[in-house]
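# Inside the fold
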Amino acid sequence: MLTKKQLAIQLSKLAVFEKPKLKLEQYPTDSEIASMVLWDALMKGDIVGKKVADLGAGTGILGIGALLLGAAHVYFVEKDSDAVATLRANLLPLRLQNYTILQMDVSEFQDPVATVFQNPPFGTKQAHADKPFMETAFRVGTVVYSFHKTATDAFVRAIAGDNGCTVAEIYTFSFPLRQTYPHQRKRMEHIEVTCYRLVKRVS
Ligand code: SAH
């Protein structure tokens, strides 16, 4: 069994987007932040032996972390073929079999899962680009860990409520956005990001 520190180290070694695409808001989750949220999910019983979906998986840090912590199966859903290529390369040395890579739009994903992890586009390039992610997550999952810009808190809570979900926990971070795009002038920018643990209400 991994320790939290070992998890963070393993995740920090994963390859990230080679040529990040601005339109798709391809920012990888920082490995320290990913391991914090994943570890808390582990402690809450949301990972071991569970079916998990990583929506907008990108290079796979969230789903790979779930696999390393004992998920029964992980679905990686990602529409960009370049990201999928890096995701495959990240998965290969782990020699695991209990995952499925689905190259498709997130809204097409159908399989029911216990837990969803997602760090969707924050909608800075396309307004509410995170909406189809939220809708899919609530359709397929029972517990949803979802990252959003803290500034959009009201929107996230409203859409969660509309979909029968309760905000069970929030984690706030200052997200390091490494300089990956020309429009980011400062070497290291930070934005306030909240990860929500959302739980479907039993009706
Ligand atoms: N989950 C990864 C990547 C986050 S960036 C991580 O935490 O590091 C958001 C990802 O969502 C990008 O890889 C982008 O290509 C993907 N994406 C954006 N819109 C999508 C959509 N409609 N369907 C599927 N994937 C999408």
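Quick note: structure is the one above.
Everything in this summary refers to the structure shown in the same document. (Residues numbered from 1 in each chain as written. Predicted model: local features only at pLDDT ≥ 70, side-chain atom pairs only at ≥ 80, totals over all residues. Heavy atoms only, no water.)

Let us now look at the environment of valine 116. If you trace the backbone, valine 116 turns up in strand β4 (residues 115–118). Dropping the residues within four chain positions of it, valine 116 is found in contact with Ala53, Leu55, Ala137, Val140, Gly141, Val143, Val144 and Tyr145. (Helix = DSSP H or I, 4+ residues; strand = E, 2+ residues; numbered from the N terminus. Contact = heavy atoms within 4.5 Å.)

Attention shifts here to the packing of aromatic side chains. Here a ring pair, both rings aromatic, is described through the centre-centre distance and the interplanar angle of the planes. Counted according to the given criterion, the structure contains six aromatic pairs. With centroids separated by 6.0 Å and ring planes inclined at 80°, the aromatic side chains of phenylalanine 76 and tyrosine 99 adopt a geometry described as edge-to-face. Here phenylalanine 76, found in strand β2 (residues 73–77), pairs with tyrosine 99, found in strand β3 (residues 99–102); they are 23 residues apart in sequence, far enough to count as distant. Given the relative accessible area of 22%, tyrosine 99 is considered partly exposed. An angle of 15° between the planes, with centres 5.0 Å apart, marks the rings of phenylalanine 117 and tyrosine 145 as stacked. In this pair, phenylalanine 117 sits in strand β4 while tyrosine 145 sits in strand β5 (residues 143–149), placing the two residues 28 residues apart along the sequence. As far as burial versus exposure is concerned, phenylalanine 117 and tyrosine 145 are alike and both buried. Among the aromatic residues, those joined into a ring-pair cluster are Phe122, Phe147, Phe173 and Phe175. (Phe/Tyr/Trp six-rings, centres within 6.5 Å; stacked < 30°, edge-to-face > 60°. Buried < 20%, exposed > 50% of the residue type's maximum accessible area, 1.4 Å probe, protein only.)

We now examine the site of the ligand. Taken together, 21 residues lie around the ligand, and Gln26, Thr29, Gly56, Glu78 and Val106 are the ones closest in. Glycine 56 has a polar backbone atom sitting 2.8 Å from a nitrogen atom of the ligand. Look at the ligand: alone it shows 570 Å² of surface, and the protein chains cover 96% of it. In this structure, the ligand is accommodated by the largest pocket. For the shell around the ligand, a count of residues per class yields 11 nonpolar, five polar and five charged. (Near = heavy atom within 4 Å. Polar contact = N/O pair within 3.5 Å; in protein donor to acceptor, adjacent residues only side chain to side chain. Areas by Shrake-Rupley, 256 points an atom, 1.4 Å probe, with all protein chains shown as cover. 1 Å grid on protein atoms, 1.4 Å probe; cavity = no way out; pocket = protein on both sides within 12 Å on 5 of 7 lines; lining within 4 Å. Sits in = over half its atoms within 2 Å of the grid points. Nonpolar A, V, L, I, M, F, W, Y, C, P; charged D, E, K, R; others polar.)

Turning to the packing of helix α1 (residues 4–12) against helix α3 (residues 61–68), a few remarks are in order. Where α1 contacts α3, the axes come no closer than 10 Å and their chain directions differ by 140°. One finds that α1 runs oblique with respect to α3. Regarding α1 and α3, the two cross each other, and that crossing is right-handed. For the pair α1 and α3, the contacting residues are Leu7, Gln10 and Leu11 in the first and Ile61, Ile64, Gly65 and Leu68 in the second. Per-class residue counts for the contact of α1 with α3 are five nonpolar, two polar and no charged. (Axes fitted to C-alpha atoms, helices over the stretch in contact; angles between N-to-C directions. Parallel < 35°, antiparallel > 145°, perpendicular 65-115°, else oblique. Left-handed = near helix turned anticlockwise from the far one by under 90°.)

We now examine the packing of α1 against helix α2 (residues 31–43). Orientation of α1 relative to α2, taken along the N-to-C sense of each, is 135°, at an axis distance of 9 Å. With respect to each other, α1 and α2 are oriented oblique. Here α1 runs over α2; the crossing is right-handed. In this structure, α1 uses Lys4, Lys5, Leu7, Ala8, Leu11 and Ser12 to contact α2, whose residues at the interface are Ser31, Glu32, Ala34, Ser35, Met36, Leu38 and Trp39.

Enumeration according to the criterion identifies zero disulfides in this entry. Not part of a disulfide, cysteine 165 finds its nearest cysteine sulfur in cysteine 195, a span of 14 Å. (Disulfide = S-S within 2.5 Å.)

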